[in-house]
Amino acid sequence: MNKSRLGLWVICGLFGVFIQIPLAGAVVFDAADMLNEGKFGIGLDTEILLSNPSSEGLEARVKYGLSPNFNTQGIIGIGSDYRGFRFGANNTLSIFPDIEGQIGVAMLLGGLYLRRPNKGVVIASAGPMIHKKFSDWTVPVNAFLAIPFAIELDSGRYYTGSQLTFGSILEFSRVNIPLELGIGMGSMETYVSAGAAIAL
């Protein structure tokens with residue numbers, strides 16, 4: 001990869017970190033499934049907020065492998081009531097790979113512009129994730145646990161919180177099925193999410 005192209009992708013990744021991550025919605029989705037450099041993936045996920053006020057949403061995602069250790073993902077979606085239109089980016093930095101005898105450790109960074117009732121807010125988030133793939137099961141499973149910390153900026157005010165997020169990616173031959181539960185702490189919401197992701 002030449003320097004100018006690498007610089008462009010770094011700028012795009014940093015834009016994702018500082019401009020856009022959801023307080024709810026699939027925070028992890030398929031982040032535990034790292035793409036190799038130059039590879040693309042697409043995904044679609046649904047979300048249901050279990051906290052009050054409740055909401056439902058649908059997000060489309062495009063993922064790109066900047067390197068085997070760094071992936072970036074663009075997000076655009078729609079929703080009802082409390083979580084309407086949204087767009088943003090998530091970034092995954094693999095710190096320790098998931099190999100035999102070792103759990104994978106990664107850092108999640110990102111952000112989201114989210115339309116709340118009568119206003120738009122910006123949410124930024126970062127947090128650690130651990131993950132482990134179990135390849136010898138009938139359907140390979142990539143299990144994960146993440147604790148993202150977030151800040152929501154709302155017209156000069158801000159709200160903070162974190163989530164205990166866990167789930168798994170069921171890895172079928174042609175499609176991955178991410179399943180996720182996020183338990184909200186502080187101002188963050190509790191949600192369930194399921195989707196589908198394909199590596200191109």
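Criteria and cut-off values
- Residues numbered from 1 in each chain as written.
- Predicted model: local features only at pLDDT ≥ 70, side-chain atom pairs only at ≥ 80, totals over all residues.
- Heavy atoms only, no water.
- Pairing = 2+ DSSP bridges.
- Helix = DSSP H or I, 4+ residues; strand = E, 2+ residues; numbered from the N terminus.
- Core = buried A, V, L, I, M, F, W, Y, C linked by side-chain atoms within 4.5 Å.
- Buried < 20%, exposed > 50% of the residue type's maximum accessible area, 1.4 Å probe, protein only.
- Contact = heavy atoms within 4.5 Å.
- Phe/Tyr/Trp six-rings, centres within 6.5 Å; stacked < 30°, edge-to-face > 60°.
- Patch = residues over 30% accessible without salt bridge, like charges linked within 9 Å, V, L, I, M, F, W, Y side chains within 5 Å.
- Areas by Shrake-Rupley, 256 points an atom, 1.4 Å probe, with all protein chains shown as cover.
- Salt bridge = Lys/Arg side-chain N within 4 Å of Asp/Glu carboxyl O.

Turning next to the pairing of strand β3 (residues 70–79). In the case of a regular strand, side chains alternate between the two sheet surfaces. As paired strands, strand β2 (residues 56–67) and β3 are joined by ten bridges and run antiparallel to one another. Bridge pairing links L58 to I78 in β3. In this structure, the hairpin formed by β2 and β3 is closed by a connection of two residues. Here β3 pairs with strand β4 (residues 86–96) via eight bridges, running antiparallel. Note on β4: the bridge partner recorded for G77 is R86. Between the end of β3 and the start of β4, which pair antiparallel, lie six residues, with D81 showing a positive phi angle near 55°.

Moving on, we come to the nonpolar core. Counting residues in hydrophobic clusters, the biggest one holds nine residues: V28, A31, A32, A106, L108, M129, F144, A146 and I169. Among the elements of the structure, β5 (104–116) and β7 (141–146) are those that each provide at least two residues to this core. In contact with A146, not counting residues within four places along its chain, are V28, L108, P128, M129, Q163, L164 and T165. Listed in part, the six residues of the second largest apolar core include L112, L114, V121 and A150.

The subject of this paragraph is the side chain of T92. Tracing the backbone through its elements, the reader meets T92 in strand β4. A residue is classified by how much of its surface remains accessible, and T92, at 6% relative accessible area, is buried. Residue contacts for T92: discarding those within four places in its chain leaves A31, M34, N69, F70, N71, A106, M107, L108 and M129.

This next bit is on the packing of aromatic side chains. Throughout the structure, instances matching the rule amount to four aromatic pairs. Centre to centre, the rings of F85 and F87 are 6.0 Å apart; their planes meet at 45°, and the pair counts as tilted. On the accessibility criterion, F85 (38% relative accessible area) is partly exposed. Geometrically, the ring pair formed by F134 and W137 is stacked, given 5.1 Å between the ring centres and 20° between the ring planes. By relative accessible area, which is 31% here, F134 ends up partly exposed.

Here we come to the environment of A146. Structurally, the position occupied by A146 is in strand β7. Placed 20 residues apart in sequence, A146 and A126 show a C-alpha to C-alpha distance of 10.0 Å.

With that out of the way, let us pick up a nonpolar patch on the surface. Together, I103, I130, L145, I147, F149, L164, F166, I183 and M185 line one region of the surface with nonpolar side chains, adding up to about 710 Å² of accessible area. Within the element layout of this structure, I130 appears in strand β6 (residues 119–134). Look at I130 and you get partly exposed, because its relative accessible area is 38%.

The analysis is restricted to geometry; functional conclusions fall outside its scope.
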